[in-house]
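These are the residues of each chain, in order.
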Amino acid sequence: MQSLPFLVSLGLAVGIVPAAVQGLRSQGFVRQNYRGREVAFPAGIGIVAASLVALIPLALIDELGDSNVFRPGTGPALAYVLAVAFLGLLDDLVGSDQARGWRGHARATLRGGFSTGALKAAGSLGVALFVLSGRGVSAGEYLLSVALLVLATNFFNLLDLRPGRSIKALILLGAGLTIGSNDVHPLWTVGLFAGPVLLLLPLDLRERAMLGDTGSNVLGAIAGLWLVLTLSTLGQAIALGLIAIATVYGEFRSLSELIERAPILRQLDSLGRA
């Protein structure tokens, strides 16, 4: 029964996600991708839309059917994903391309300007502090989980520079965590959003849609929550260190160039792309 959020949102996404992408294009919400092709943007709203609509039958079944549809922790996960999706949408709609990366947003803020990137970072931190509170862990474990969640959310933003890359990374991460821990419960906790993500993958790969910060924030939030829900304290510390290294690298060098230089990564990155 606890797999129901994933299955229901996946089923509804079949109709909602392509319609959302088509609606964006028909209303002129497009942006040029790395090849100069105009694609629907920000398609990440399709993930949020399908997930929210899925709550209608799921909440009714959970309450009126006397069934435990939602895993413990689904509420905080929902709050975090929706919050960072909103912050990403704000960045997509009114953000400036002139400030890039943490250094660029920091400089813009110090000059007295309005940086949606800085707002997104601060807002993500605030929501992460809220949703991960009250779990009965030590102060150190609490701050570690918060740091991992926020940094993972930001990292998927850095990663989403080619069609399908960030969604494939999330799928590989989720598969590794599930197989390695032999525990599907974290998947069901984030399953409400994971279903629509799968439906957006072919549209992203075929360059019909671009996730935008809205979508990459959602993917990063799912990844961060999955890591926090699955890993031990030591595992979280290792994951935080690896993501921190990759983030710093991405601030000074090109992640795309790094992927192109590694044959296995290059093949995975290009798999399924138009």
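Residues numbered from 1 in each chain as written. Predicted model: local features only at pLDDT ≥ 70, side-chain atom pairs only at ≥ 80, totals over all residues. Heavy atoms only, no water.

Q: A description of the nonpolar core should follow, citing residues and the corresponding values.
A: The biggest cluster of nonpolar side chains holds 63 residues, and the ones touching the most others in it are Tyr 80, Leu 170, Leu 200 and Ile 222. Considering every element that reaches this core, the biggest residue donor is helix 6 (residues 139–159), with twelve residues. Contacts of Leu 170, omitting those with residues within four sequence positions, involve Phe 156, Val 197, Leu 219, Ile 222, Ala 223 and Trp 226. (Core = buried A, V, L, I, M, F, W, Y, C linked by side-chain atoms within 4.5 Å. Buried < 20%, exposed > 50% of the residue type's maximum accessible area, 1.4 Å probe, protein only. Helix = DSSP H or I, 4+ residues; strand = E, 2+ residues; numbered from the N terminus. Contact = heavy atoms within 4.5 Å.)

Q: Report on the environment of Arg 266, specifying residues and quantitative values.
A: With respect to the helices and strands, the residue Arg 266 is situated in helix 12 (residues 263–270). When the C-alpha positions of Arg 266 and Leu 219 are compared, they lie 21 Å apart, and in sequence the two are 47 residues distant. Discounting residues that sit within four places of it in the chain, Arg 266 has contacts with Ile 259, Glu 260 and Arg 261. Reaching out from Arg 266, the side chain makes a polar contact with the backbone oxygen of Glu 260 at a distance of 2.5 Å. (Polar contact = N/O pair within 3.5 Å; in protein donor to acceptor, adjacent residues only side chain to side chain.)

Q: Explain the side chain of Asp 204 to me, and be specific about the residues and the numbers.
A: In this fold, Asp 204 is placed in helix 8 (residues 185–205). Of the side chains with opposite charge, Arg 273 comes closest to the buried, unpaired Asp 204, at an N-O distance of 7.9 Å. The contact partners of Asp 204, leaving out residues within four places of it in the chain, are Pro 163, Gly 164, Ile 167, Ala 209 and Leu 211. (Lys, Arg positive; Asp, Glu negative; His and termini not counted. Salt bridge = Lys/Arg side-chain N within 4 Å of Asp/Glu carboxyl O.)

Q: Can you tell me about the pattern of salt bridges, naming the residues and giving the values?
A: Taken as a whole, this structure holds six salt bridges when the rule is applied. Linking Glu 207 and Arg 35 is a salt bridge whose minimum nitrogen-to-oxygen distance equals 2.7 Å. One end of the pair, Glu 207, is in the loop between helix 8 and helix 9 (212–230); the other, Arg 35, is in the loop between strand 1 (30–32) and strand 2 (38–40), and 172 residues separate them in sequence. One salt bridge connects Arg 273 with Asp 269, and the closest N-O pair in it is separated by 3.1 Å. Here the two residues Arg 273 and Asp 269 agree in accessibility, since each one is buried. When salt bridges that share partners are traced, they join Arg 35, Arg 37 and Glu 207 into one network.

Q: How would you explain the packing of aromatic side chains if you had to name every residue and give the values?
A: The description of an aromatic ring pair uses the distance of the two centres, along with the angle that the planes make with each other. Scanning the entire structure with this criterion turns up two aromatic pairs. Consider the rings of Phe 155 and Phe 156, whose centres lie 6.3 Å apart with planes at 90°: the pair is edge-to-face. Accessibility classification places Phe 155 together with Phe 156 in one group, the buried group. (Phe/Tyr/Trp six-rings, centres within 6.5 Å; stacked < 30°, edge-to-face > 60°.)

Q: So what's going on with unusual backbone geometry? Which residues, and what values?
A: Following Phe 41, the chain continues into Pro 42 via a peptide bond in cis, with omega recorded as -5°. As for its placement among the helices and strands, Pro 42 is situated in the loop between strand 2 and helix 2 (45–64). For Glu 207, which is not glycine, the phi dihedral falls at a positive 60°. According to the relative accessible area criterion, Glu 207 is buried, its value standing at 3%.

Any functional reading would require information beyond the geometric quantities listed.
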